[in-house]
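# Breakdown of the fold
Here is what each chain is made of, one letter per residue.
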Amino acid sequence: DTAVSQTPKYLVTQMGNDKSIKCEQNLGHDTMYWYKQDSKKFLKIMFSYNNKELIINETVPNRFSPKSPDKAHLNLHINSLELGDSAVYFCASSQGIGTGYSPLHFGNGTRLTVT
Amino acid sequence: AQSVTQLDSQVPVFEEAPVELRCNYSSSVSVYLFWYVQYPNQGLQLLLKYLSGSTLVKGINGFEAEFNKSQTSFHLRKPSVHISDTAEYFCAVSLGGSNYKLTFGKGTLLTVNP
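Worth saying up front: this structure is predicted, and the values here are computed from it rather than measured.

All names here are of chain A. Here the amide bond leading from Thr7 into Pro8 is cis, since omega sits at 0 degrees, within 30 degrees of zero. Positionally, Pro8 belongs in the loop between β1 (4-7) and β2 (10-13). Not every positive phi belongs to a glycine, and Lys52 is a case in point at roughly 70 degrees. Residue placement: Lys52 occurs in the loop between β5 (43-50) and β6 (53-57). Look at Ser80: it is not a glycine, yet its phi comes out positive at around 45 degrees. For Ser80, a relative accessible area of 39% puts it in the partly exposed group.

Right, dumping it as structure tokens:
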């Protein structure tokens, strides 16, 4: 069973469109994240949710809107797509607040190409 | 604020050779250090971590790293690499061991050639 699954794997769309990426984790974690990896492989956190509550919102344009219907799901909706949004988007999860360190578990990514 | 510098963007080596991937960090407070690995077309997975205690930490797949506070470094090493080790390796630093404050370096592509 895939621990963190994202759909779709590839997404090709035109500028100005609205698209969504879905993420589900079956690890029982309480914290989920969206990361953006650019063409130079630089990885930057976008959002983090803990128990469906937004914890981190890292200077991301408000065209990006995360939604967490429950602890196991964190979706990412993007409005009015721009060329610069082209990247690989990774969903991740971890067991958030507590003692010790809980590793991030990543999905396999969604490659978004905006033309 | 903390930052991470991975000194080499690409490291090519031959199979069974030793390898060292370099990582330096800067922070005004104590940090926690990690190495994550990304195989082609996959997400990242944790290779090893330093939170406290022994400065030499061992991870999966025969990798180890040494935390050097005076040199602010956390270099990753493997004495003998395999072709299957070909991947992108990311060093990361966190304040307080929290994923919320995890900062990744820009990655080092390790290519193992036969």
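Taken together, the contact between chain A and chain B spans 23 residues of the former and 19 residues of the latter. The contact between chain A and chain B buries some 1700 Å² in all, and 60% of this surface belongs to carbon and sulfur atoms. Linking chain A to chain B there are three residue pairs in polar contact (both at pLDDT 80 or more). In terms of residue count, the dominant contributor to the side of chain A that touches chain B is strand β4 (residues 31-37) of chain A (four residues). Each residue belonging to the side of chain A that touches chain B can be placed in one class, and the counts come to 12 nonpolar, nine polar and two charged.

We now examine the pairing of strand β11 (residues 110-114) of chain A. All names here are of chain A. Residues Thr110, Leu112 and Val114 of β11 are buried on one face, while the alternating residues Arg111 and Thr113, pointing to the opposite face, are not. Of the strand pairs in this sheet, strand β9 (residues 87-94) and β11 are connected by three bridges, and their pairing is antiparallel. Looking across to β11, one finds that Ala87 is bridged to Leu112.

Further remarks concern the sheet that holds strand β7 (residues 64-70) of chain A. To summarise the sheet geometry, strands pair through backbone hydrogen bonds and adopt either a parallel or an antiparallel arrangement. Residue and element names in this part refer to chain A. Taken in spatial order, the four strands line up as β1-β3-β8-β7 in an open sheet, and their pairing is antiparallel. Edge positions in the sheet fall to β1 and β7, since each of these pairs with one other strand and no more. Strand after strand, the sheet turns through a mean of 20 degrees between neighbouring axes, direction not considered. Bridge analysis of β7 against strand β8 (residues 73-78) gives five bridges, and the strand direction is antiparallel. When the bridges of β8 are listed, Lys67 appears paired with Asn75.

Attention now goes to the nonpolar core. The biggest cluster of nonpolar side chains holds 28 residues, and the ones touching the most others in it are Leu33, Trp35, Leu48, Phe74, Leu76 and Tyr89 of chain B. Every residue in contact with Leu33 of chain B, bar those within four places of it in the chain, is listed here: Tyr25, Leu48, Lys49, Tyr50, Phe67, Phe74, Ala92 and Val93 of chain B. Among the nonpolar cores identified, the runner-up in size contains 20 residues, and Cys23, Phe47, Leu74 and Leu76 of chain A belong to it.

Once that is clear, we can look at the environment of Phe106 of chain A. Of note, Phe106 of chain A is situated in strand β10 (residues 105-106). The sequence separation of Phe106 of chain A and Leu83 of chain A amounts to 23 residues, and the corresponding C-alpha distance is 25 Å. Look past the residues within four positions of Phe106 of chain A in its chain and what remains in contact with it is Val4, Tyr35, Leu43, Phe90, Cys91 and Ala92 of chain A together with Tyr36, Gly43, Leu44 and Phe104 of chain B.

Moving on to the environment of Phe90 of chain B. Summarising the element assignment, Phe90 of chain B is placed in strand β10 (residues 87-95). Judged by relative accessible area, Phe90 of chain B falls into the buried class, the value being 0%. Along the sequence, Phe90 of chain B and Gly53 of chain B sit 37 residues apart, while their C-alpha atoms lie 22 Å from each other. In contact with Phe90 of chain B, not counting residues within four places along its chain, are Gln37 and Lys41 of chain A together with Gln6, Phe34, Trp35, Tyr36, Gln38, Leu44, Phe104, Gly105, Lys106 and Gly107 of chain B.

What counts and how
- Residues numbered from 1 in each chain as written.
- Chains lettered and ligands numbered in written order.
- Predicted model: local features only at pLDDT ≥ 70, side-chain atom pairs only at ≥ 80, totals over all residues.
- Heavy atoms only, no water.
- Helix = DSSP H or I, 4+ residues; strand = E, 2+ residues; numbered from the N terminus.
- Buried < 20%, exposed > 50% of the residue type's maximum accessible area, 1.4 Å probe, protein only.
- Contact = heavy atoms within 4.5 Å.
- Buried area = accessible area lost by both parts, 1.4 Å probe.
- Polar contact = N/O pair within 3.5 Å; in protein donor to acceptor, adjacent residues only side chain to side chain.
- Nonpolar A, V, L, I, M, F, W, Y, C, P; charged D, E, K, R; others polar.
- Pairing = 2+ DSSP bridges.
- Axes fitted to C-alpha atoms, helices over the stretch in contact; angles between N-to-C directions.
- Core = buried A, V, L, I, M, F, W, Y, C linked by side-chain atoms within 4.5 Å.

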